[in-house]
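The primary structure of each chain is shown beneath.
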Amino acid sequence: MADLAVDRLIPAPSQWPEFYSWAHDAFAITDDSWDPAGGTERWNGSKPYGKMIHAIYLLAYALRDVYLPQWHARADYLAAARAIDNQYHGPFYLRFRNSSDHEATSETGLFATRDRTNYKCPVFDLGGPSDDPSNRASVLVHESWHHWQRKYHWKTDHQHGGAVAPGLDGDWYYFHGSGLFDFGTLWTSNPHSNPLRFHSPYQVQIEFDADLAEFSFSWVPVIVQSQARYYGNTRLTNQCKNRITYRIGDPRPF
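Remember, it's a predicted structure, so these values are computed and weren't measured experimentally.

(A) Examining the overall build of the protein more closely. Along the protein, the regular secondary structure elements total 7 helices and 3 strands. In the protein, the order of α-helices and β-strands from amino to carboxyl end is α-α-α-α-β-β-β-α-α-α. Taken over C-alpha atoms, the radius of gyration comes to 17 Å for the protein, in line with the 18 Å a tight globule of 254 residues would show. Dimensions along the principal axes, computed over C-alpha positions, put the protein at roughly 50 × 45 × 35 Å. For the protein, the proportion of its 254 residues judged to be buried stands at 54%. For the protein, the exposed surface amounts to about 11,000 Å²; the carbon and sulfur share of it is 54%. Averaging the positions of the 23 positive and the 28 negative side-chain charges in the protein gives two centres separated by 2 Å.

(B) Structural context of the nonpolar core. Counting 61 residues, the largest nonpolar core has Phe27, Trp34, Leu59, Tyr77, Leu94, Tyr119 and Leu140 as the members making the most contacts within it. Contributing elements (two or more residues each) for this core: α2 (17-26), α3 (48-61), α4 (74-81), β1 (92-97), α5 (133-151), α6 (201-214) and α7 (222-238). Residue contributions to this core peak at 9 residues, all from α3. Each residue touching Phe27, except ones within four places of it in the same chain, is listed here: Trp22, Ile56, Leu59, Leu78, Ala81, Arg82, Ala83, Leu94 and Leu140.

(C) Inspection of the pattern of salt bridges at higher detail. Scanning the model with the defined rule gives 10 salt bridges in all. Note that Lys47 and Glu41 form a salt bridge whose closest N and O atoms lie 2.6 Å from each other. Residue Asp211 pairs with Arg252 through a salt bridge whose shortest N-O separation is 2.7 Å. Placement of Asp211 in helix α6 and of Arg252 in the segment after α7 is noted, with a sequence separation of 41 residues between them.

(D) Local environment of the pairing of β1. Of all 6 residues that make up β1, 5 are buried, and the element is covered over most of its length. Where β1 meets strand β3 (residues 115-120), 6 bridges bridge the pair, whose relative direction is parallel. Opposite Arg97, over in β3, you have Lys120 as the bridge partner.

(E) Here's a closer look at the sheet that holds β1. Read from one edge to the other, the open sheet built from 3 strands follows the order β1-β3-β2, with strand pairing classed as mixed. Unpaired on one side and paired on the other, β1 and β2 (104-107) mark the two borders of the sheet. When strand polarity is set aside, the average angle formed by the axes of neighbouring strands in this sheet is 20°. In this structure, β2 lies alongside β3, joined through 4 bridges in antiparallel fashion. Bridging across to β3, Thr105 finds its partner in Asn118. Contacting β1, β2 and β3, α5 crosses the sheet at an angle of about 155° to β3.

(F) Structural context of the layout of surface pockets. Each pocket or cavity is described by its volume, and for the largest pocket that value is around 730 Å³. Every residue lining the largest pocket is counted, 30 residues in all, and those nearest its centre are His102, Glu103, Leu168, Tyr202 and Gln239. Within the residue set of the lining of the largest pocket, elements represented by two or more residues are β2, α5, α6 and α7. Partitioned by chemical class, the residues of the lining of the largest pocket number 8 nonpolar, 16 polar and 6 charged. Looking at the second largest pocket, its volume works out to about 290 Å³. What lines the second largest pocket is a set of 19 residues, and nearest its centre among them are Met1, Ala2, Asp3, Leu126 and Asp131. Of all the secondary-structure elements, those providing two or more residues to the lining of the second largest pocket are α1 (2-7), α3 and α7. Split into classes, the residues belonging to the lining of the second largest pocket amount to 8 nonpolar, 6 polar and 5 charged.

(G) Looking closely at α5. Taking 1.5 Å as the rise per residue, α5 with 19 residues should run 27 Å; its terminal C-alpha atoms sit 27 Å apart, in good agreement. Here α5 lies mainly inside the structure; 17 of its 19 residues are buried. Following α5 by one or two positions, His153 adopts a phi angle in the positive range, close to 65°.

Parameters and conventions
- All residue numbers refer to position in the chain's written sequence, counted from 1.
- Only residues with pLDDT of 70 or above have their local features reported here, since the model is predicted, and side-chain atom pairs are shown and tallied only from 80 upward, although totals for entire chains, interfaces and linings are computed over all residues.
- For side-chain calculations, the full set of non-hydrogen atoms in the structure is used, while hydrogens and water are omitted.
- Secondary structure counts use DSSP, requiring at least four H or I residues in a row for a helix and at least two E residues in a row for a strand, with both numbered from the N terminus.
- Radius of gyration: over C-alpha atoms. The globule rule applied is 2.2 Å multiplied by the number of residues raised to the 0.38 power.
- Working definition: with a 1.4 Å probe on protein chains only, accessible area under 20% of the residue-type maximum means buried, over 50% means exposed, and in between means partly exposed.
- Exposure was quantified through the Shrake-Rupley algorithm and a 1.4 Å probe, taking into account, for residues, occlusion by the shown protein chains and nothing else.
- In this tally Asp and Glu are treated as negative and Lys and Arg as positive; neither His nor the chain ends contributes.
- Taken as the charge location is NZ of Lys, CZ of Arg, CG of Asp or CD of Glu.
- Put simply, a nonpolar core is a bunch of buried Ala, Val, Leu, Ile, Met, Phe, Trp, Tyr and Cys residues held in one set by side-chain atoms that sit within 4.5 Å of each other.
- By the convention used here, residues are in contact when the closest approach between their heavy atoms is within 4.5 Å.
- Between Lys or Arg on one side and Asp or Glu on the other, a salt bridge is scored when a side-chain nitrogen of the former is within 4 Å of a carboxyl oxygen of the latter.
- Should DSSP find at least two bridges between two strands, the strands are taken to pair.
- Only the contacting stretch of a helix is used when fitting its axis, a line to C-alpha atoms as for every element, and angles between N-to-C directions run 0 to 180 degrees.
- Lining residues are those with an atom within 4 Å of a point, where the points come from a 1 Å grid over the protein atoms alone and group into cavities, where a 1.4 Å probe fits but cannot get out, or pockets, open sets with protein on both sides within 12 Å along at least five of seven lines.
- Grid points are joined across faces, edges and corners, and a volume is the space filled by probe spheres set on the points.
- Polar here means any residue outside two lists: the nonpolar Ala, Val, Leu, Ile, Met, Phe, Trp, Tyr, Cys and Pro, and the charged Asp, Glu, Lys and Arg; Gly therefore counts as polar.
- Here the expected length of a helix is defined as 1.5 Å per residue gap, with one fewer gap than residues.

Structural data, given as structure tokens:
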């Protein structure tokens, strides 16, 4: 239902050739693995390729940029998720993989080829628990952060144990006030500051979920906002190594 709601927006992303052509290049959805998954039908919003376009549409346009209460600027999330070489990471490309072991996995530090991110069936399977444009958009942000870790020489492994639910991956959540990172500075870090200026992949994903849920434009379908809140709060409960009491909808610290 959420993908259908996004595809009925005006202009509909699947019916806007200039947009999906830009997204194809900016996010390097160029691998031929996408061809049987809708890559030759870029207007088809029911196939994995078209569903990626829905997620990119939300990344590109949905956030209002409300200064201070919003965790990070729309341009920050977009720059992180784009596949081009920038201050967040080196260049990478996106592949489609017919596998159900994860929503997505990033491969960094490859020899003689660009790094890449593999997007898998759970984020596309119709009716599945991960098949949602808001979730897909947040996964784009999450996976881009593994490439950020690679660029800045941090380990790219996830965490287990602690408050992470059994059988799931997780990360430390480095809690900060919503004013600590000025717009345009999400890529920066300082592991010696107090509070710590640092993000893990699940944390930056959760903060995007929160901003999409609470600070998106009025044209963004309500189902997209509510699903973003659901996914973010589910991750706060199950995929943070340290126990976090904040939930999306609570007042944000400054």
